[in-house]
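# Examination of the molecular architecture
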Amino acid sequence: MTPAPSLATPAVTRFAPSPTGFLHLGTARAALIAAKAAGPDGHFLLRIEDIDRGRCRIEFEQAILEDLTWLDLRWETPVRRQSEHFADYAGAIGTLRATGLLYPCFCTRADIQREIAAADGAPHLLGPDGPIYPGTCRGLAAAEASARMAAGQPFAWRLDVARAAAAMGQLHWHDADAGTVRATPEIFGDVVIGRKDTPASYHLACTWDDALQGVTLVTRGIELFPSTHIHRLLQALLDLPTPAYAHHPLVIAADGKKLSKRDAALTLRALRESGHTPEQVRAMALS
Ligand code: GLU
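Note that the coordinates shown come from a computational prediction; the quantities given were computed from them, not determined experimentally. (Residues numbered from 1 in each chain as written. Predicted model: local features only at pLDDT ≥ 70, side-chain atom pairs only at ≥ 80, totals over all residues. Heavy atoms only, no water.)

## What to know about the site of the ligand
Around the ligand sit R14, A16, P17, S18, E49, Y202, C206, R220 and L224, and those are all the residues in its vicinity. R14 is positioned such that a nitrogen or oxygen atom in its side chain is 2.8 Å from an oxygen atom of the ligand. S18 is positioned with one of its side-chain polar atoms (N or O) 3.0 Å from a nitrogen atom of the ligand. Protein coverage of the free-state accessible area of the ligand, which is 300 Å², stands at 78%. Looking at side-chain class alone, the shell around the ligand contains five nonpolar, one polar and three charged residues. (Near = heavy atom within 4 Å. Polar contact = N/O pair within 3.5 Å; in protein donor to acceptor, adjacent residues only side chain to side chain. Areas by Shrake-Rupley, 256 points an atom, 1.4 Å probe, with all protein chains shown as cover. Nonpolar A, V, L, I, M, F, W, Y, C, P; charged D, E, K, R; others polar.)

## A look at the environment of T136
Mapped onto the elements of the fold, T136 is located in the loop between β6 (130–131) and α5 (142–150). T136 sits in the partly exposed class, given a relative accessible area of 33%. For the pair T136 and F106, spaced 30 residues apart in sequence, the C-alpha to C-alpha distance is 9.1 Å. Setting aside its immediate chain neighbours within four residues, T136 contacts C107 and E115. (Helix = DSSP H or I, 4+ residues; strand = E, 2+ residues; numbered from the N terminus. Buried < 20%, exposed > 50% of the residue type's maximum accessible area, 1.4 Å probe, protein only. Contact = heavy atoms within 4.5 Å.)

## Considerations on the sheet that holds strand β4 (residues 102–105)
The antiparallel open sheet is built from three strands, whose spatial order is β4-β7-β10. Each edge of the open sheet is held by one strand with a lone partner, namely β4 and β10 (192–194). Pairwise comparison of adjacent strand axes, ignoring direction, gives a mean angle of 45° for this sheet. Two strands pair when backbone bridges link them, and strand β7 (residues 156–159) and β10 are joined in this way by two bridges, in the antiparallel orientation. (Pairing = 2+ DSSP bridges. Axes fitted to C-alpha atoms, helices over the stretch in contact; angles between N-to-C directions.)

## As for the nonpolar core
Counting residues in hydrophobic clusters, the biggest one holds 34 residues, and the most contacted among them are L96, L159, I193, L204 and L237. Elements supplying a minimum of two residues to this core: α3 (86–98), β7, α6 (161–168), α7 (202–212) and α8 (227–238). Those residues in contact with L96 that sit more than four places away from it in its chain are L101, L102, I193, L204, L234, L237 and L238. (Core = buried A, V, L, I, M, F, W, Y, C linked by side-chain atoms within 4.5 Å.)

## Regarding the packing of aromatic side chains
Applying the stated rule across the entire model yields six aromatic pairs. Relative to F155, the ring of F106 has its centre 5.8 Å away and its plane inclined at 50°; by these criteria the two rings are tilted. Taken together, the residues span a long stretch of sequence, with F106 in the loop between β4 and α4 (109–118) and F155 in the loop between α5 and β7 at a distance of 49 residues. Consider the rings of F155 and W157, whose centres lie 5.2 Å apart with planes at 85°: the pair is edge-to-face. (Phe/Tyr/Trp six-rings, centres within 6.5 Å; stacked < 30°, edge-to-face > 60°.)

## Examining the sheet that holds strand β2 (residues 43–48)
Hydrogen bonds along the backbone pair up the strands of a sheet, which may run parallel or antiparallel. If you trace the three strands from one edge of the open sheet to the other, you get β1-β2-β3, paired in parallel fashion. Unpaired on one side and paired on the other, β1 (12–15) and β3 (76–81) mark the two borders of the sheet. When the angles between neighbouring strand axes are averaged without regard to direction, this sheet yields 30°. Taken together, the three bridges between β2 and β3 define a ladder with parallel strand orientation. Within β3, the residue paired with I48 across the bridge is R81. The strands touched by helix α1 (residues 25–38) within the sheet are β1 and β2, with β1 carrying the most contacts at an inclination of about 165°.

The structure is reproduced here in C-alpha cells:
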C-alpha cells in the first residue's frame with residue numbers, strides 16, 4: 001500500500017501541455033491550478049508533451065509560452081521538451097522489455113476493428129480510451145514476432161497489463177478528492193508503450209518525466225484520472241516514485257460539453273484580442 005505522500009515540503013508541480021493547438025480556458029485552468037498548487041515556496045515546472053510529431057507544432061509551443069506569460073505565470077527553466085528525450089523513453093522501453101512483459105504488436109487500426117467486430121456476441125469491452133485491444137499479437141510465437149520485426153514490419157510495443165498487474169501485486173495512489181485509490185490498470189487492456197510512429201507513448205513519457213523531474217504533486221484534468229491507473233503500474237515496473245495526484249473538474253462550454261481546441265472563441269488569444277485582461281481570463285478559467 002502506498003502511504004499518502006507527505007506534502008509538508010514544498011510541492012513540485014507541472015503543467016504538461018501538448019502543443020497541438022492554442023491554449024483555451026480549459027488548458028489555462030490546468031496551468032493555473034498547477035502553478036497555485038506549487039505555492040510560493042514550491043517549484044512549478046513546464047513540460048511540452050510533443051512526442052506526436054504529426055500533430056504538434058512549434059508555433060503552438062511558442063504561443064503556449066507567450067499565453068502563459070500573458071497570464072502572469074512563471075515556471076522554472078529549463079522547459080522539458082519531450083521530443084528531445086526519445087533516448088530516455090527508449091531506455092525505459094528496454095527496461096520493460098527485459099521483464100518479458102512487453103510484446104510487439106503488428107496490428108493496424110483496421111485489423112483491430114475487424115477482430116473486435118468478428119468477436120460477434122462477445123461484449124465489446126470499452127476502456128477509457130475506446131475499445132480494448134483484443135490481444136491478437138499477445139500470443140504470437142517469438143520466432144514469428146522476431147521474423148516480422150527483422151523484415152521491417154511496423155510494430156508497437158504493448159504491455160501485457162494483466163500479467164504486469166499480477167506481478168506487481170496490489171498498487172495504490174493518493175488522490176486529493178478520491179483518497180486512497182486502488183490501481184486497476186486492467187481497465188485499459190494492453191496499452192501501447194512505444195508507438196509505431198514514435199518510440200514512446202503518452203503513458204510512458206509522462207510517467208517517466210514526472211519521476212525524472214521530481215514532481216511530487218500531479219495536478220491535471222479529471223479526464224486523465226483513468227490514466228493514473230496505468231501510470232501507477234508503470235511506476236512499479238520501472239521502480240519510480242509515486243507522486244500525489246489531484247484531478248480537477250474540466251471547464252464546461254456553453255453547450256454543456258467539455259471545452260476543446262475547437263472552441264476558438266475561448267482561446268486565450270481570442271479572449272485577449274476581444275479586450276479581456278489576464279485577471280478576467282484567470283477568473284473565467286477558475287470559475
Ligand atoms: N499532455 C497532456 C494533455 O495535453 C496532459 C498530460 C498530463 O497532465 O498528464 O492533455
